[in-house]
Amino acid sequence: MRITIDATSLLVRSAGVKNYTYYWLAHLRRQARPGEGIAGYPFEGHAAKLNHERSPLSTWSTALRLGLVYGVNRLGPVALDAALG
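In this text the structure is predicted, and so the values were computed from the model without any measurement.

A. Main features of the pairing of strand β2 (residues 37–41). Counting buried residues along β2, 4 of its 5 residues qualify, which places the element largely inside the surrounding structure. Relative to β2, strand β1 (residues 2–6) is paired through 5 bridges, and the arrangement is parallel. Within β2, the position partnered with I5 by the bridge is G40. Of the crossover connections in this fold, the one passing from β1 over helix α1 (residues 16–31) to the parallel β2 is right-handed.

B. Main features of the packing of helix α2 (residues 59–75) against helix α3 (residues 77–84). Relative orientation of the contacting elements α2 and α3 amounts to 140°, with a least axis distance of 6 Å. Accordingly, the angle class assigned to the pair α2 and α3 is oblique. Counting all contacts with α2, which are made through L68, V72 and L75, the residues of α3 involved are P77, A79, L80 and A83. Classifying every residue of the contact of α2 with α3 by side-chain character gives 7 nonpolar, no polar and no charged.

C. Quick look at the confidence of the model for the protein chain. Confidence in the prediction for the protein chain averages 84 pLDDT; 93% of positions are at 70 or higher. Per-element confidence in the protein chain ranges from a low mean pLDDT of 80 for α3 to a high of 89 for α2.

D. Structural view of the pattern of salt bridges. For the coordinates displayed, the defined rule picks out 1 salt bridge. Its salt-bridge partner being E53, residue R13 comes within 3.0 Å of it at the nearest N-O pair. Of this pair, R13 sits in the loop between β1 and α1 while E53 sits in the loop between β2 and α2, and the two are 40 residues apart along the sequence. A single burial state applies to R13 and to E53, both of which are exposed.

Conventions we followed
- Residues numbered from 1 in each chain as written.
- Predicted model: local features only at pLDDT ≥ 70, side-chain atom pairs only at ≥ 80, totals over all residues.
- Heavy atoms only, no water.
- Buried < 20%, exposed > 50% of the residue type's maximum accessible area, 1.4 Å probe, protein only.
- Helix = DSSP H or I, 4+ residues; strand = E, 2+ residues; numbered from the N terminus.
- Pairing = 2+ DSSP bridges.
- Right-handed = clockwise from strand over helix to strand, strands pointing away.
- Axes fitted to C-alpha atoms, helices over the stretch in contact; angles between N-to-C directions.
- Parallel < 35°, antiparallel > 145°, perpendicular 65-115°, else oblique.
- Contact = heavy atoms within 4.5 Å.
- Nonpolar A, V, L, I, M, F, W, Y, C, P; charged D, E, K, R; others polar.
- pLDDT = per-residue confidence, 0-100.
- Salt bridge = Lys/Arg side-chain N within 4 Å of Asp/Glu carboxyl O.

Structure below.
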């Protein structure tokens, strides 16, 4: 089984939603069986540390991922399928 969660909130400054998403993804990943994938879109990998003031990624990586989200929102479901595939 593969689950993908919208983790866009991890890329922007926030508190409540970012906190909820971060710990939800971490818990799902701990509970996953071998072979099961828990992904955060567009944030691949694990956030090393929760930071409410900024993205845990570099400025360049954050900008690329936010650009991807913008493009997918403008182009629609076909673009989302391509980005997730």
